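Here's the letter readout for the chains.
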Amino acid sequence: MADIKGKRVLITGAAGFLGSHLCDRFIAEGCRVVAMDNLITGSLQNIEHLFKLENFEFYHHDISKFVFVPGEVDYILHFASPASPIDYLKIPIQTLKVGSLGTHNLLGLAKAKKARMIIASTSEVYGDPTVHPQTEEYWGNVNPIGPRGVYDEAKRFQEAITMAYHTFHGLETRIVRIFNTYGPRMRLNDGRALPAFMGQALRGEDITVFGDGSQTRSFCYVDDLVEGIYRLLLSDYHLPVNIGNPDEISIKDFAEEIIKLTGTDQKIVYKPLPQDDPKQRQPDITQAKKILNWEPKVHRSVGMKTTWEYFKALPEWEIIPRSFQSN
Ligand code: UDP
């Protein structure tokens, strides 16, 4: 793989869950990291350990507005976006803008700087899939006007405009379709299944499973995901690649795994299934294996334990019930 030591890398969404892990990885590779975030859903706590470093700088900026970065930029990793169903409901317009206007601004920057750009796309481009497992060839089954439409369609537009810059301007682009990912630095109150269940365990509440819990997801540990992204960025493959862990599980079984892991005596309580909640999801990672020689290595039992340790160590004020929090 190419040596990227000393390269200057712009990471958007840098204070978020994935963005912050990417900052760590590129710093560890000896890069100069320019981190950007508007802190709507990200948190400076995720990157505060990097501020003392000489090869790390942070811009508090909303990339939906014109993006200015002085000096050279070799790579752009576009990971800014609200990414949980609760967030899209709260900030739908920002979600649409960061995926569309934000991506356009960054593509313009990449073109001006002659940088290579990778965009964070998502399994949500497949919507509630009728093909299982999902291959990159599948075009998806998305409801454009449903609650998830603001995210799904922004991400689909993001792929379209990225491909257009590649085809029309010859820009070097990469597209990673990210499936459900978990690990330390997820937000306890972002409404996603794993932090929701672990937060409930910490507060001694029952676990809320939506629907009958028969819907499936396939959870990838964040370190595996970062490795896949790193390899894709440095590959010469410009078409979308699924990165995720094909180990599929129903949400009910997942809840039971968490009850066992946390050693609590929580009961499962069933709540209505949100609109357009995909019934099944599992990545087909044949392409990633073939092109990137990548596959996930961290078993759920290991990754979940690390994540639980992280949540357990959070200060108490971060664990208070969501209904008492202002955001
Ligand atoms: N889910 C649940 N209880 C919760 C939060 C989520 O049963 O408190 C379900 C949700 O309806 C979905 C699955 O868990 O079927 C995964 O949800 P998540 O938000 O983590 O990811 P996504 O739906 O975006 O894949």
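What comes next is a walk through the structure.

Reading the values: the criteria
- Residues numbered from 1 in each chain as written.
- Predicted model: local features only at pLDDT ≥ 70, side-chain atom pairs only at ≥ 80, totals over all residues.
- Heavy atoms only, no water.
- Salt bridge = Lys/Arg side-chain N within 4 Å of Asp/Glu carboxyl O.
- Helix = DSSP H or I, 4+ residues; strand = E, 2+ residues; numbered from the N terminus.
- Buried < 20%, exposed > 50% of the residue type's maximum accessible area, 1.4 Å probe, protein only.
- 1 Å grid on protein atoms, 1.4 Å probe; cavity = no way out; pocket = protein on both sides within 12 Å on 5 of 7 lines; lining within 4 Å.
- Points joined across faces, edges and corners; volume = space filled by probe spheres on them.
- Nonpolar A, V, L, I, M, F, W, Y, C, P; charged D, E, K, R; others polar.
- Near = heavy atom within 4 Å.
- Polar contact = N/O pair within 3.5 Å; in protein donor to acceptor, adjacent residues only side chain to side chain.
- Areas by Shrake-Rupley, 256 points an atom, 1.4 Å probe, with all protein chains shown as cover.

So, the pattern of salt bridges
Enumeration according to the criterion identifies 22 salt bridges in this entry. For Asp 24, the salt bridge goes to Arg 185, with nearest N and O atoms at 2.9 Å. Taken together, the residues span a long stretch of sequence, with Asp 24 in helix H1 (residues 17-28) and Arg 185 in the loop between strand E7 (181-182) and helix H5 (193-203) at a distance of 161 residues. A residue is classified by how much of its surface remains accessible, and Arg 185, at 16% relative accessible area, is buried. Between Asp 277 and Arg 217 there is a salt bridge, with its nearest N and O atoms 2.9 Å apart. Of this pair, Asp 277 sits in the loop between strand E13 (268-271) and helix H8 (286-292) while Arg 217 is found in strand E9 (residues 216-218), placing the two residues 60 residues apart along the sequence. Ionic contacts of the salt-bridge type, sharing partners, join the residues Glu 124, Arg 148, Arg 217, Asp 277 and Arg 281 into one network.

Some points on the layout of surface pockets
The space that makes up the second largest pocket amounts to roughly 570 Å³. Class assignment of the residues belonging to the lining of the second largest pocket gives a composition of seven nonpolar, eight polar and six charged.

Details of the site of the ligand
Around the ligand sit 18 residues, and of these Thr 208, Phe 210, Arg 217, Asp 277 and Arg 281 come closest. Between the ligand and Asn 180 there is a distance of 2.9 Å, counted from an oxygen atom to a side-chain nitrogen or oxygen. In the complex, the protein chains occlude 97% of the 520 Å² of accessible area that the ligand would expose alone. Those elements that provide at least two residues to the shell around the ligand are H5 and strand E8 (207-210). For the shell around the ligand, the per-class residue count stands at eight nonpolar, four polar and six charged.

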